[in-house]
Amino acid sequence: GNNPYPETATQSLDSGYIITGSDPSGVFLFKVNKNGDSLWYKSYSNSVGYIDGVDISLIKDSGYVIIGQTLALPHYYNAMIIIKTDASGDTLWTKTYGGSDISSDCIAWSIRQTKDNGYIIAGGKYDTTTAPHYDAYIMKTDENGDSLWTKVYHRKLFCSVLFDEYGSPNYEPNAEIAYNVEQTEDGGFIISSSKYMSSLSGFDIYIIKTDSLGNIINTTGINDDSFITNEELIIYPNPIKEHATISFTAKQSGIVKLEIFNYVGQCIRILFNDNTYGGIRQSIELNTTNTGYSQLSDKTK
């Protein structure tokens, strides 16, 4: 009769299961035994009147920790909420993060207890600096749920230029969300994330590996400190017809690779794959009528 909407479940120590999600009151916890028979049902609400439980984790004291999404007053921006319960589902404490203004708007998708009895949370944080969208985001807390540090990961697409069927580049930065986080044996974290590509009408998946402080160690499809920013990559004319000049400047010396992808995400041409010097502008002539390219000039920026 509660009209619940389940989101996720995990196994409890007694081999039963615990399920969380949302109902008209807010977040719920539903405990069943190993045969699926109902044992108890608990609801949790707040003054805003909205909480959606999106993930739950069994913790070392046999209790549970729920990460949810809520709204923050006075502007009702998105915020994250942690609800800590004992093994019977009774609330021990709650903590709310973000949502005080548009720059702190954040959403949550995953929570895990860490080796130091704190918590690591994954989700998304609103980014107003490049375009309205969410960046992949993690937050580390202590055992009381108080924030210790946060990290934001924004994958820049300007090194791999996407062209639509009309020859125009498409590097629209859409939503990037961290959907799951786990602590690894070395004390760091592994984060799974995705980015919606409007030009491909689908999602691009990538994985982030960090150290214990959230600093990137190795990634697939991510660039934490962009090698080439939007302002440093110029395509002229735009839209492209048969010929165009693409110029870029790397922030520092290193290997730069520029690729063209078609509308189904296949790499159809590698424009540049070579070592560059920081601060030196590279220019490439693109001829869309064949598969070749010629480097025009190297000029100091």
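Residues numbered from 1 in each chain as written. Predicted model: local features only at pLDDT ≥ 70, side-chain atom pairs only at ≥ 80, totals over all residues. Heavy atoms only, no water.

Draft legend 1. The arrangement of the overall build of the protein in detail. Per the secondary structure count, the protein includes zero helices and 24 strands. Burial status across the protein gives 46% buried among its 301 residues. If you take every contact in the protein between residues at least 6 apart in sequence, the share linking residues at least 24 apart comes to 42%. Total accessible area on the protein is roughly 14700 Å²; 49% of this is exposed by carbon and sulfur atoms. (Helix = DSSP H or I, 4+ residues; strand = E, 2+ residues; numbered from the N terminus. Buried < 20%, exposed > 50% of the residue type's maximum accessible area, 1.4 Å probe, protein only. Contact = heavy atoms within 4.5 Å. Areas by Shrake-Rupley, 256 points an atom, 1.4 Å probe, with all protein chains shown as cover.)

Draft legend 2. The arrangement of unusual backbone geometry in detail. Here Leu-73 and Pro-74 are connected by a cis peptide whose omega angle stands at 10°. With respect to the helices, strands and loops of the structure, Pro-74 is situated in the loop between strand E6 (64-72) and strand E7 (77-85). For Ser-62, which is not a glycine, the phi torsion comes out positive at approximately 75°. Examined against the element boundaries, Ser-62 turns out to sit in the loop between strand E5 (51-58) and E6. Judged by its relative accessible area of 26%, Ser-62 falls in the partly exposed class. Not every positive phi belongs to a glycine, and Tyr-76 is a case in point at roughly 60°. Note on placement: Tyr-76 falls in the loop between E6 and E7.

Draft legend 3. Inspection of the packing of aromatic side chains at higher detail. Scanning the entire structure with this criterion turns up six aromatic pairs. Ring geometry for Tyr-126 versus Tyr-134: centroids 5.5 Å apart, planes at 80°, classification edge-to-face. Classification of Tyr-126 as partly exposed rests on a relative accessible area of 21%. Note on Tyr-134: relative accessible area 15%, which makes it buried. Taken together, the ring pairs connect Phe-28, Phe-30 and Tyr-41 into an aromatic cluster. Cation over ring: Lys-42 sits above Trp-40, and NZ or CZ is 5.1 Å from the ring centre. (Phe/Tyr/Trp six-rings, centres within 6.5 Å; stacked < 30°, edge-to-face > 60°. Lys NZ or Arg CZ within 6 Å of the ring centre and 35° of its normal.)

Draft legend 4. Structural context of the pairing of strand E4 (residues 38-44). Sheet topology places strand E3 (residues 26-32) next to E4; six bridges connect them, and they run antiparallel. Across the sheet, the residue bridging to Lys-31 is Trp-40, located in E4. The loop that links E3 with its antiparallel partner E4 comprises five residues; one of these, Gly-36, has a positive phi angle of about 85°. (Pairing = 2+ DSSP bridges.)

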